[in-house]
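Now for the letters of each chain:
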Amino acid sequence: MTLSVSDLAVSFGGVTALDGVSFAVRPGSITSVIGPNGAGKTTAFNAITGYLRPTGGRITYDGAALSGLRPSAIARRGIVRTFQRTSIFPSLSVADNVLTGLHLRSTAGFFDVLAGRRRLTAEESSLAADADGIIAFVGLGHRHDEIASALPYGEQRLVELALALAARPRVLLLDEPGAGMTGVEKTVVSELIRKVREQGVTILLVEHDMRMVMGISDTVIVLNHGRVIAEGTPGEIQAHPDVIRAYLGAQHGPA
Amino acid sequence: MRALGRGLLAAALVTLPLWLADPYYLHVAIMAGIFGVLALSLNLLLGYAGQLSLGHAAFFGIGAYTSALLTLKCLWSFWPALAAAIALAAAAGWLIGRLALKLRGAYFVLVTISFAGVISLVSVNWIELTNGPLGLPGVPAPDLGPWSLRTKPAYYYLVLSGVALSYAVCRRLVRSRIGRAFVALRENEPLAESIGVDVTHYLVLAAVVSAAMAGLGGSLYAHYTRFVSPEVFLFTYTVTMVIMVIAGGKGTLAGPLVGAVLFTVLPEALRAAASWQWQMLAYGLLLVLLVFFLPRGIVPQIVASFSGHPRSAPGSRAPLR
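Now for a quick tour of the structure.

**Regarding the overall build of chain A**
Each helix and strand counted, chain A has ten helices and ten strands in total. In terms of overall size, chain A behaves like a compact globule, its C-alpha atoms giving a radius of gyration of 19 Å where 255 residues would be expected to give roughly 18 Å. For chain A, the spread of C-alpha atoms along the three principal axes comes to 70 × 40 × 30 Å. The burial tally for chain A puts 52% of its 255 residues in the buried class. Pairs at least 24 residues apart make up 66% of the contacts formed inside chain A by residues separated by at least 6 positions. Approximately 10,800 Å² of chain A is accessible, and the part contributed by carbon and sulfur atoms is 52%. Positive and negative charge centroids in chain A, built from 24 and 24 side chains respectively, lie 5 Å apart.

**Quick word on the interface of chain B and chain A**
Across the contact, 35 residues belong to chain B and 40 residues belong to chain A. In this assembly, chain B packs against chain A so that about 3,100 Å² is buried in total across both faces, 59% of it on carbon and sulfur atoms. There are two salt bridges connecting chain B and chain A. Contributions of two or more residues to the side of chain B that touches chain A are made by helix H7 (152–174), helix H8 (177–187), helix H9 (189–194) and helix H10 (199–225) of chain B. Ranked by the residues each element gives to the side of chain B that touches chain A, the list is headed by H8 of chain B, at eight residues. Its residues placed into classes, the side of chain B that touches chain A shows 18 nonpolar, seven polar and ten charged.

**Concerning the sheet that holds strand S6 (residues 79–81) of chain A**
All names here are of chain A. Taken in spatial order, the six strands make up an open sheet running S6-S7-S8-S3-S9-S10, and their pairing is mixed. With one partner strand each, in any of the chains shown, S6 and strand S10 (227–232) form the two edges of the open sheet. Averaged over all pairs of adjacent strands, the angle between strand axes in this sheet comes to 20 degrees, irrespective of strand direction. Contacts between helix H6 (residues 153–166) and the sheet are confined to S6 and strand S7 (171–175), with S7 contributing the most and set at about 160 degrees to the helix.

**Section: the environment of Thr-71 of chain B**
Residues and elements named next belong to chain B. Relative to the assigned elements, Thr-71 resides in helix H3 (residues 56–72). Judged by relative accessible area, which is 5%, Thr-71 ranks as buried. Once the C-alpha coordinates of Thr-71 and Pro-142 are considered, the two residues, 71 residues apart in sequence, prove to be 9.6 Å apart. Leave out the neighbours within four places in its chain, and Thr-71 touches Trp-76, Ser-77, Phe-78, Ala-81, Val-139, Pro-140 and His-223. A distance of 3.0 Å separates the side chain of Thr-71 from the backbone oxygen of Ala-68, its partner in a polar contact.

How each quantity is defined
- Residues numbered from 1 in each chain as written.
- Chains lettered and ligands numbered in written order.
- Predicted model: local features only at pLDDT ≥ 70, side-chain atom pairs only at ≥ 80, totals over all residues.
- Heavy atoms only, no water.
- Helix = DSSP H or I, 4+ residues; strand = E, 2+ residues; numbered from the N terminus.
- Rg over C-alpha atoms; globule rule 2.2 N^0.38 Å.
- Buried < 20%, exposed > 50% of the residue type's maximum accessible area, 1.4 Å probe, protein only.
- Contact = heavy atoms within 4.5 Å.
- Areas by Shrake-Rupley, 256 points an atom, 1.4 Å probe, with all protein chains shown as cover.
- Lys, Arg positive; Asp, Glu negative; His and termini not counted.
- Charge placed at Lys NZ, Arg CZ, Asp CG, Glu CD.
- Buried area = accessible area lost by both parts, 1.4 Å probe.
- Salt bridge = Lys/Arg side-chain N within 4 Å of Asp/Glu carboxyl O.
- Nonpolar A, V, L, I, M, F, W, Y, C, P; charged D, E, K, R; others polar.
- Pairing = 2+ DSSP bridges.
- Axes fitted to C-alpha atoms, helices over the stretch in contact; angles between N-to-C directions.
- Polar contact = N/O pair within 3.5 Å; in protein donor to acceptor, adjacent residues only side chain to side chain.

Printed below as a string of structure tokens:
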């Protein structure tokens, strides 16, 4: 059940965004990818989840290749992502957002729906219950019927997390879940990420907030100029000379 | 209260030929019903899946020609011809859906316009089959067992059944995971993919169902007017459908029907009241006013003012449950 990336390369025209990146995400861990802006973190996410076709390398999950699959097919294999810029279904209510996210948990096909099978009613009500459970889990119970785009920014990000959880991920890729949040909101998100992991979901995280990264990660991978420059526990990374150089430039001590 | 309203509406529709016996009014009701089917069809694609088809008259015309040709040249009876009209329009919808997969927005619109243009040219130039610009007169009226549906009241009930069927199909789809997948594509396609919605499958499905429904409308039209010509492909038909959907409220179940009734009855009413130029002027003015004051459409506005959430969201909100 390991997500592993080997020798991943992505280039846009003449620009090399990823240049032979390899890492493995240990099942059940919280693994963070950090690095300066433009290091290739989001590019790696896009390649893993099928939004971008890599120019080289292999991406496998549980031994099976993911490269070349459509994002929806990758989601069906349990690898679900969120986006750096808030991504929700803006004109739907919170409940309908999450209900839509439950797409993979329901089975009704076109002819079942047209025939109006009795079993559909049961499925719909069990989906609604699932949605309520997920909404409560992220703490948006009080916003159940509100239109998602009308919520404050921090809560929209929680809607996004709820949507991703609804797709029943085995590996959850979170692209800067704490971006633009207040300190309190970040604490809430960190706590939620921990709880998700406790349910057996592997987490791969891109994040700029070092306090958050160092607080929740088991493993930290550092990218710079499209290459992995370090990989280790938060303690090891904070003391790594190459990392300090990448973030602060040469001849500086640790921050 | 709502159940009572629905019951009254259903009773009014079913008894309409009894209290509106004037054939002219029945004619208007029949045309409103045919356009109701077309507007429901376009709404599935535009209002729910979020793809604007400006070639929708092509599916309507394919339905009309298929049904007319099969009954005239192959002497089929109405019902199998109707089924074939629906099937052929659906196949055309599948083709457009596949072709347009990689295209969105303006490019999708262009493909649908060109498709309608090509089909229209075929109908004008394939004279051996379609009789060209002269059209196909004498399309037979449908029968139902021993009864002919030639009279206006009988045809009204046929069209009413078509509207009810189309409405039921839309309603079931929209309130299912399939309808939610359509709306997900409209709202945010990359996000929809990330939660496992297969874009190819659902866009093609929306196009096929929508085209099939337009084919039904075309067949109903052909056997009502008893005459089919290349005019069925006119861009005006598509524009009328778009106006009905947008004015009524896209992405709502009732909106297209309200729009269809309004924009069938209104031109007829204006015809009685004013000369042709004034009609067009009043029609245009009403459209501008509607877009200004009810930008989301009539039905969402009414729903919002009743539920006390006048500013819930920009754009249309699809009722999902």
